[in-house]
Every structure is written in structure tokens, then in C-alpha cells.
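Below, each chain spelled out in residue letters.
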Amino acid sequence: MDVTLLTWALVVGAIIALIVVDLLTVSRKPHDVMFKEAAIWSIVWIGLSMIFSIFVYIVTAESSGLEKFSQYQAAYWIEKALSVDNLFVFILVFGYFNVPRELHHKVLFWGIIGALVMRAVFIFAGVGLINLTFLPEMDLFGQNVKINAVLTIFGFFLIYAGIKSWFADNKDDHNKDFSKSPGAQVIHKLFKVSNEYNGGKFFTIENGVKMATPLLVVVAVIEFTDLIFAVDSIPAIFAIAPNDPFILYTSNIFAILGLRSLYFLLANFIHMFSRLKFGLAIILAFIGFKMIIAPFYHITSPLSLSIVGGVLIISVAASILFPIKETAK
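K.L.:
I'd like to hear about the overall build of the chain, residue by residue, with values.
P.N.:
What the chain contains, in helices and strands, is 12 helices and 4 strands. For the chain, the C-alpha radius of gyration of 21 Å lies close to 20 Å, the compact-globule estimate for 329 residues. Expressed as lengths along the three principal axes of its C-alpha atoms, the size of the chain is roughly 75 × 50 × 40 Å. Taken across its 329 residues, the chain has 47% of its residues classed as buried. Here the analysis covers contacts within the chain between residues at least 6 apart in sequence; of these, 78% occur between residues at least 24 apart. Of the roughly 16,800 Å² of accessible surface on the chain, a fraction of 69% belongs to carbon and sulfur atoms. Taken as two groups, the 23 positive and 22 negative side-chain charges of the chain have centres that lie 7 Å from each other.

K.L.:
Run through the pairing of strand 3 (residues 203-206), naming residues and quoting values.
P.N.:
Pairing of strand 3 with strand 4 (residues 209-212), which is carried by 4 bridges, proceeds in the antiparallel orientation. Paired with threonine 204 across the strands is methionine 211, a residue of strand 4. What sits between the antiparallel neighbours strand 3 and strand 4 is a turn of 2 residues, in which asparagine 207 has the positive phi angle 55°.

K.L.:
Report on the environment of aspartate 226, specifying residues and quantitative values.
P.N.:
You can see aspartate 226 is positioned in helix 8 (residues 214-238). In this structure aspartate 226 comes out as buried when scored by relative accessible area, which is 6%. Sequence separation of aspartate 226 and valine 89 is 137 residues, and the distance between their C-alpha atoms is 9.8 Å. Not counting residues within four places of it along the chain, the set of residues in contact with aspartate 226 comprises Asn86, Ala115, Met118 and Arg119.

K.L.:
Report on the side chain of lysine 80, specifying residues and quantitative values.
P.N.:
Residue placement: lysine 80 occurs in helix 3 (residues 65-96). When residues no more than four places from it in sequence are discounted, the contact partners of lysine 80 are Ile46, Ala255, Gly258, Leu259 and Leu262.

What counts, and at which threshold
- Residues numbered from 1 in each chain as written.
- Predicted model: local features only at pLDDT ≥ 70, side-chain atom pairs only at ≥ 80, totals over all residues.
- Heavy atoms only, no water.
- Helix = DSSP H or I, 4+ residues; strand = E, 2+ residues; numbered from the N terminus.
- Rg over C-alpha atoms; globule rule 2.2 N^0.38 Å.
- Buried < 20%, exposed > 50% of the residue type's maximum accessible area, 1.4 Å probe, protein only.
- Contact = heavy atoms within 4.5 Å.
- Areas by Shrake-Rupley, 256 points an atom, 1.4 Å probe, with all protein chains shown as cover.
- Lys, Arg positive; Asp, Glu negative; His and termini not counted.
- Charge placed at Lys NZ, Arg CZ, Asp CG, Glu CD.
- Pairing = 2+ DSSP bridges.

Shown next, in the form of C-alpha cells:
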């Protein structure tokens, strides 16, 4: 998708404007986000992302409108679905550090700002790396194919990640010591850290000494958690549009911008998604398979979107109808 500098400027400007509006309104005063507010903002963010997908279709209608529309939708919903799995870790982090509920919003806001920067670096570096790692054209199984080394490695990695996700036991996370997270260790090495929160402040003064508050530690842990999360999600969307940073970045950013409201919307219902991990495992394995066979057979974006959407719907429905009951410890 050929995107002009003006289009990039308009999109980036719109994203910055949305963040500023959020900062001056919703995030201006720390507060406990209720279900109604979270639901409204979730609808707003999803609505904006769907409107943007229509924009993508319109500007590419003469060439590959449906293909680009499907690529955006598939990448968006893959990122959104994987984000739900990450929300479980956020809940554990907040519980471990006893973060007051009214401060969850601020932590997630700054976590999202960091994610926007990290995703840009990963996506543009990934596209550049992919363009540099095509192997010479060769004859395999009676076909002339051009294999990309990075995409093939990503493919096998995602199949492995899918298998690992299928058999993962989330109960192990309950006993995780998040104070030993690299994010927390960095803050402790750079600053003296207070034992007490001071409202929404990242720094405080105790006995004349400037110290970081636990809130800054939590933000660093959330940032590191998102970095690890991106190891799965970024390779996954490269299977959708490996040479189109505009589709990759915008779909990723719109999914991330709605992550905070999604957290407050689902925090009290996360147990209702007990079988979602199996759906995510299937999606990761499917995307990895798609990457590996891409030189031989192209699975179209509309078909990919249908498979991803179908698996998500089935796994969510199965979670609600046949929930996995927690066993007593």
C-alpha cells in the first residue's frame, strides 16, 4: 500500500490528537473507572478503528481495497485478541504491588504511550529486515519459490508459541515475583524507591531525599510485560501484511489505544474467557503455518480474517458455555 508522507502525517497527527484529548479529559484526574465509562470508551475506540478500516478500503478501492481492508481487520483483531491474554498479567501486576484502583488508569496510560513507541521501532525495523532477508529464487517441489528467512523463522516460532500457549498453566503466574522483573530492577538501580504511594506521583520527597514511588516501578513492569508480549504479537501480524508498515502500525496502534478501556471493561469478567487461550493457540499456529507455506501457497487476507474471527467467536462462546472451573489449591 503506497502511502504518501501527507497521509502518514495526518494519521500520526490524529493519533497524537486522540492521546492529548485523553490526557486532558479522561486521564486528567486519577479515578476508579467504572463499567459504564469503560464500555463507552471501548465502543469509541473500536468504532474509530472500524471507521479507519473503511478509510483504508476507500483509498485502495481501485487496486486492492478488499485485500487491504481484510489485512487491517485481521491484524487489528489478532492484536486485540492477544491483548486480552495480556490483561490477565496486568491484573496480577496491580494486585502484587497493591496499586490503588484509582491509579490503574494512569499506569495503563503511560504503559500505552511506551507501547506506541516500541511498536513503531519493532514494526519498521521488522519490515526493513524482511526486505533484506529474501533468499535467492530456487526450485522446490516443482515450483520456483522465493523464501524469506525471517518470515520462515517467525512462522516456526509462532507454531511453537501456539503449542506452548495451548499447554500453558496460567496458575504459575499467580506465584510470580514481579519485583524481580527487569523493569522493576532498572528503577531500583536508578533511584531509591519509597515504600508508599503518593497519589498519582512518580516521585516523592522523604526526609529531604527525592525518591521514586512504587507507581514508577509498576509502570516499568507493565512496559517490560508489553515488550515480552510484543514478541508474539508483532511476528503474528507480519504474516498478514509483511511489506506494509502502514497497515501493520495503524492496526496495532488502534488496538493498543483501546487496550486500557478494555482492561476496565473485562477486569471483573476475565474468568469468563477460560478457553480463550486455546483459541489464541490455534490462531498463533495457523499464522505460523501461513508464514511457512506463503512461498508455495497464498492464503488470502479475507480467508485469514474469516479463520481468525471464527476461532475467536468459537473460543469465547466455549468459554461462556463450558467454563473451566478453577480447582482448589
